[in-house]
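# Architecture at a glance
Here's the letter readout for the chains.
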Amino acid sequence: MSVLVDKADLSLKYTAHYNEVKDELFANSSDILNAQRKKAFQNFVLQGIPTRKNENYKYTNLNPAFVPDFKFIHTREEKKADMSEVFRCDVPQLNTNLALVFNGWFYKNETEKGDLPEGVILDSLESISKDRPELLEKYASLANVEEDPMVALNTAFAKDGFFLYVPKNVVVESPVQIINLLQDEKDTFSTQRNFILVEDGAKVQVLLCDHTLNLNQYLNNSVTEIFAGNNAEVEFYTLQNQHNKATNINSVFIDQQRDSRVTTHTASLHGGLIRNNLQFALNGENAEAHMFGMAFMDKKQHVDNFTQVIHAAPHCESNQIYKNVLDEKSTGAFSGRIHVVRDAQKTNAFQRNNNLLLTDEATMQTKPQLIIDADDVKCSHGATVGQIDEEALFYLRARGINEDQARLMMMNAFAHEVVKEIKLEPLRDRIDELVDKRLKGEVSRCHDCAYQCDC
Amino acid sequence: MLKIKDLYASVEGMEILKGINLEVKPGEVHAIMGPNGSGKSTLANVLAGKEDYEITKGEVIFEGEDLLDKSPEERAKDGIFLSFQYPVEIPGVPMVNFLKTSVNEHRKHKGLKELTAGEFLKLMREKMDLVDMHTKLTNRMVNEGFSGGEKKKNEIFQMALLEPKLAILDETDSGLDIDALKTVANGVNALKSPERSTIVVTHYQRLLDYIVPDFVHILYQGKIVKTAGKELAFQLEEKGYDWIKSENGN
């Protein structure tokens, strides 16, 4: 029985695996990535697979997700997906620069050249870390292997992912879209490490779409580090649409310099277990951070959004709105930590988490946490957990709108506050459509997706 | 059109309606008056199908069919319209979507073709003039940020769009200044027809200066204790509700 496998056994299993594949991990990889592996793995073992005993994972036990005998892909495989089919998976009317990450490995779009401006790099981390190590060296790693076991494990295993570089003052007009696919005949553990470096005064929009293409079990452990230079502007959209047997651990670390503006949108439409770690470090004055999240869960799905905003410089602003709609026996958690360090005066930090429970069996945990070490700041937080407003429902029904449709209108309305913040209009329309389908109980895949998989 | 026979209703075990009898014929305007807590709003809500109330006895026949068996949406589509005393704000639901869905549900029920967005906007513009409705309101979310008067106007605007057989106006005059009251009343009167009936639920006589009733009923402690013509409203205005209370042994 898998549930009986205890944590120590699992840790041993992973240690045995690491020792077995060590040479493979180091082979063909850059010094910069290899330098951290050993220490990172030790840190993973030290901290262990996160369970509820870990304060930061209080609402999510990852132990069961580690039980299956996964296939690991530590060496680049021949790509199996047909690229021209994959790249049909775009957002209509949205002219994007597309790239593919397949089971954690980056594959360039050879069929179509995007219109990336001169100097912009969208490539594989594997090759960039070898060919242009100075780009990575310039930025100290944000993801701390001592603070999160999943980040440690990612650092130990990471060999590839996407690398996006936007040089100083360059504005990328068309969004960069990364299609992130999981597909294998075996249950698969995938690791990816992504970097987005946006230099001073540069501007870019990135859309990351997570999909699973068949019904095997997946554990995806990804880390993305985003650096926004002075007056840089980044919009980072994540669309999570995976099946019920997928576990998605997604950690995003963002470093913001003076006058920069970064917006993240995390839309969790589908997934067995989703854990989103999002950490913002506002390191320069006047930086602005906006975090939006929405999740729609049913059956026994679980979503846990864990945000941390570190206000390390004065006159910064952060703003978070997270909304969850939980149906059937699904569970959700939101923990939002705002840390205003000493001297980060005139900080403006705002946080809100609203949750709609559609059944008596769905549960939600919400935990705001403010740590304030400065004395001239404005911080606020609020959380609600509730049902659909019966008065409003009656109002709609009294105008001839049937109950199901009225509920749907109300749920869409609930989500809309977050959807409307999506600045890319075609993407907003697409997400509106996906959310509507999701709430209607239809499979929310893109209608023109080549993979009409039943997942 | 509407026949209420010996209707009893309670909420959370407390009996509020205690044997209501009322018949409304096509084209008639009935006013239901009464002191606070007499059951006026309960009656309006029970007719519209609010589920908080338990019907313990009696029946309601609307157009020859048992009304109490039907869901609120079925009643609405059959032609019953409740103008709410406190129209609820629904953030995130745009007015235009709401109104279009509502109108098209009614049309489907009547076997008519659904209106396209263009056709609907045309209809909407026509009806907006009737109650002096402004696009700055129809461009918003349902009732969101509307003043008390604007909310009531919006109710009558919806009534104009849906063209019900029976309109129940629940305290439509409450919270309105005299100008808003006139606008709302003009809207109601413009919709008057030999087939359309209206029940005006009100605490005060002043709305009845503008919407002239054929019958005035006084509801007291869950029962209709007096029925007469429009002169009853003036009498009530003059003597106050204490008159009714003392006549009924309180």
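Throughout, residues of each chain are indexed from 1 in the direction in which the sequence is written. Labels are handed out in written order, letters beginning with A for the chains and numbers beginning with 1 for the ligands. With pLDDT at 70 or above as the cut-off, local features in this predicted model cover only qualifying residues; side-chain atom pairs require 80 or more to be listed or tallied, and sums for whole chains, interfaces and linings still use all residues. In computing side-chain properties, one takes all heavy atoms of the structure into account and sets aside hydrogens as well as water.

### Observations regarding the overall build of chain A
So the rule is basically this: Each helix is a run of H or I in the DSSP string that is no shorter than four residues. Each strand is a run of E no shorter than two, and both are numbered from the N terminus. For a compact globule the rule gives 2.2 Å times the number of residues to the power 0.38, and the radius of gyration it is set against comes from C-alpha atoms. Whether a residue is buried, partly exposed or exposed follows from its accessible area with a 1.4 Å probe, protein chains only, as a fraction of its type maximum: under 20%, in between, or over 50%, in that order.
For chain A, the count of helices and strands is nine helices and 20 strands. The C-alpha radius of gyration computed for chain A amounts to 21 Å, which stays within 12% of the reference 23 Å derived for 455 residues, consistent with globular compactness. Overall, the C-alpha framework of chain A stretches about 70 × 55 × 45 Å when taken along its three principal axes. The buried share of chain A, taken over its 455 residues, is 60%.

### Some remarks on the overall build of chain B
Going by this rule: It only takes one pair of heavy atoms within 4.5 Å for two residues to be counted as in contact. Only four residue types enter the charge count: Lys and Arg as positive, Asp and Glu as negative, with His and the chain ends excluded. Charged groups are reduced to one reference atom each: NZ for lysine, CZ for arginine, CG for aspartic acid, CD for glutamic acid.
What chain B contains, in helices and strands, is nine helices and 12 strands. Relative to the compact-globule value of 18 Å for 250 residues, chain B shows a C-alpha radius of gyration of 18 Å, a close match. Its C-alpha atoms give chain B principal-axis dimensions of about 60 × 40 × 35 Å. Counting across all 250 residues of chain B, residues that qualify as buried make up 56%. A fraction of 69% describes how many contacts in chain B between residues 6 or more apart in sequence connect residues 24 or more apart. Treating the 33 positive side-chain charges of chain B as one cloud and the 40 negative ones as another, the clouds have centres 3 Å apart.

### Quick notes on the state of the cysteines
Using the following cut-off: Disulfides are defined as pairs of cysteine sulfur atoms found within 2.5 Å of each other.
If you walk through the whole model with that rule in mind, you get zero disulfides over all chains. A disulfide-free cysteine, Cys316 of chain A has its sulfur positioned 12 Å from the sulfur of Cys379 of chain A, the nearest such atom.

### Focus on the packing of aromatic side chains
All names here are of chain A. So the rule is basically this: Two rings from Phe, Tyr or Trp (for Trp, the six-membered ring) form a pair when their centres are within 6.5 Å of each other. A pair whose planes differ by under 30 degrees is stacked, one over 60 is edge-to-face, and the rest are tilted.
Scanning the entire structure with this criterion turns up 18 aromatic pairs over all chains. Pairing Phe41 with Phe44 gives two aromatic rings, centres 5.7 Å apart and planes at 50°, and the pair type is tilted. You can see Phe41 and its partner Phe44 sitting in helix 2 (residues 31-47), three residues apart, about one turn around the helix. Both rings, one in Tyr322 and one in Phe334, keep their centres 5.0 Å apart while their planes meet at 35°; by these two values the pair is tilted.

### Concerning the interface of chain B and chain A
Condition: By definition, the buried area sums, over both parts, the 1.4 Å-probe accessible area that each loses when the two are put together. For this document, the term salt bridge refers to a Lys or Arg side-chain nitrogen within 4 Å of an Asp or Glu carboxyl oxygen. Identification of polar contacts relies on pairs of N or O atoms within 3.5 Å, with a donor-acceptor requirement for protein atoms, meaning one able to donate a hydrogen and the other able to accept it, and with residues adjacent in sequence counted only if both atoms are side-chain atoms.
Between chain B and chain A, the contact holds 32 residues from the first and 18 residues from the second. At the boundary of chain B with chain A, total buried surface from both sides reaches about 2,000 Å², with 65% on carbon and sulfur atoms. Where chain B meets chain A, there are four salt bridges. Here Arg397 of chain A makes a salt bridge to Glu73 of chain B, at a shortest N to O gap of 2.6 Å. Our enumeration of links across chain B and chain A arrives at 11 residue pairs in polar contact (both at pLDDT 80 or more). Within the residue set of the side of chain B that touches chain A, elements represented by two or more residues are helix 1 (40-48), helix 2 (72-78), strand 6 (80-83), strand 7 (90-94), helix 3 (95-109) and helix 6 (148-162) of chain B.

### Thoughts on the environment of His302 of chain A
Residue and element names in this part refer to chain A. Relative to the helices and strands, His302 resides in strand 15 (residues 302-311). Owing to a relative accessible area of 10%, His302 belongs among the buried residues under this scheme. Taking the C-alpha atoms as reference points, His302 and Leu181, separated by 121 residues in sequence, lie 20 Å from one another.

### Some thoughts on helix 8 (residues 231-239) of chain B
All names here are of chain B. Defined as follows: Regarding the arc, it is the one traced by the directions from the helix axis to the C-beta atoms.
When we look at burial in helix 8, the residues that qualify are Leu232, Ala233 and Leu236. The arc enclosing the buried residues of helix 8, seen along the axis, measures out at 100°, which places them on a common side. On its buried face, helix 8 sits against strand 3 (29-33), strand 11 (215-220), strand 12 (223-228) and helix 9 (241-247). At the exit of helix 8 stands Gly240, carrying a positive phi of roughly 80°.

### Describing unusual backbone geometry
Apart from glycine, the bulk of residues carry a negative phi angle, and the bulk of peptide bonds sit in the trans form. Residues and elements named next belong to chain A. Of note, Asn231 is a non-glycine position whose phi angle comes to about 60°, a positive value. Mapped onto the elements, Asn231 comes out in the loop between strand 9 (218-228) and strand 10 (233-241). The partly exposed category is assigned to Asn231, whose relative accessible area is 42%. Notably, Asp343 is not glycine yet its phi reads approximately 75°, a positive angle. If you trace the backbone, Asp343 turns up in the loop between strand 17 (331-340) and strand 18 (348-357). We classify Asp343 as exposed; its relative accessible area is 51%.

### Looking at the confidence of the model for chain A
Put simply, the test is: Per-residue confidence from the predictor is reported as pLDDT, which spans 0 to 100.
Residues at a pLDDT of 70 or more form 91% of chain A, whose mean pLDDT is 90. Note on residues 446-455 of chain A: pLDDT is under 50 here. Beyond four places in sequence and across chains, it has 25 contacts.

### Let's talk about helix 9 (residues 425-440) of chain A
All names here are of chain A. Quick note on the threshold: What a helix is expected to span follows from its residue count: subtract one and scale by 1.5 Å.
The end-to-end C-alpha distance of helix 9, which contains 16 residues, comes to 22 Å, matching closely the 22 Å that a straight helix rising 1.5 Å per residue would cover. All buried positions along helix 9 are accounted for by Leu427, Arg430, Ile431, Leu434, Val435, Lys437, Arg438 and Leu439. Among the structural elements, strand 8 (203-212), strand 10, strand 12 (261-270), strand 14 (288-297), strand 16 (317-326) and helix 8 (403-419) are those in contact with the buried residues of helix 9.

### Things to note about the sheet that holds strand 5 (residues 65-66) of chain B
All names here are of chain B. What counts here: Strand pairing is defined by DSSP finding a minimum of two bridges between the two strands. Note on geometry: axes are C-alpha line fits, over the in-contact stretch for helices, and angles between N-to-C directions span 0 to 180 degrees.
If you walk across this open sheet you meet the four strands as 2-1-4-5, and the pairing is antiparallel. What marks the edges here is a single partner per strand, and that holds for strand 2 (14-24) and strand 5. Where strand 1 (residues 2-11) lies against strand 2, eight bridges are found, and the strand directions are antiparallel. Bridged to Ala9 within strand 2 is Leu17. Together, strand 1, strand 2 and strand 4 (54-62) form the strand contacts of helix 1, whose direction differs from that of strand 1 by roughly 110°.

### Topic: the pairing of strand 17 of chain A
All names here are of chain A. Most of strand 17 sits inside the fold, with eight of its 10 residues counted as buried. For strand 15 and strand 17, the ladder comprises 10 bridges, and the chain directions are parallel. Pairing of Gln308 across the sheet is with Arg337, part of strand 17.

### What about the sheet that holds strand 6 (residues 176-182) of chain A?
Residue and element names in this part refer to chain A. Reading across the sheet, the 10 strands line up as 3-2-6-8-10-12-14-16-18-20 and stay open at both edges, with mixed pairing between neighbours. Whereas interior strands pair on both sides, the edge strands pair on one side only; in this sheet they are strand 3 (105-107) and strand 20 (378-386). Ignoring which end each strand starts from, the neighbouring axes of this sheet average 10° apart. Taken together, the six bridges between strand 2 (residues 97-102) and strand 6 define a ladder with parallel strand orientation. Counted as the bridge partner of Ala99 is Ile178 from strand 6. Relative to the sheet, helix 8 contacts strand 12, strand 14, strand 16 and strand 18, its axis offset from that of strand 16 by approximately 155°. Running at roughly 30° to strand 14, helix 9 makes contact with strand 8, strand 10, strand 12, strand 14 and strand 16 of the sheet.

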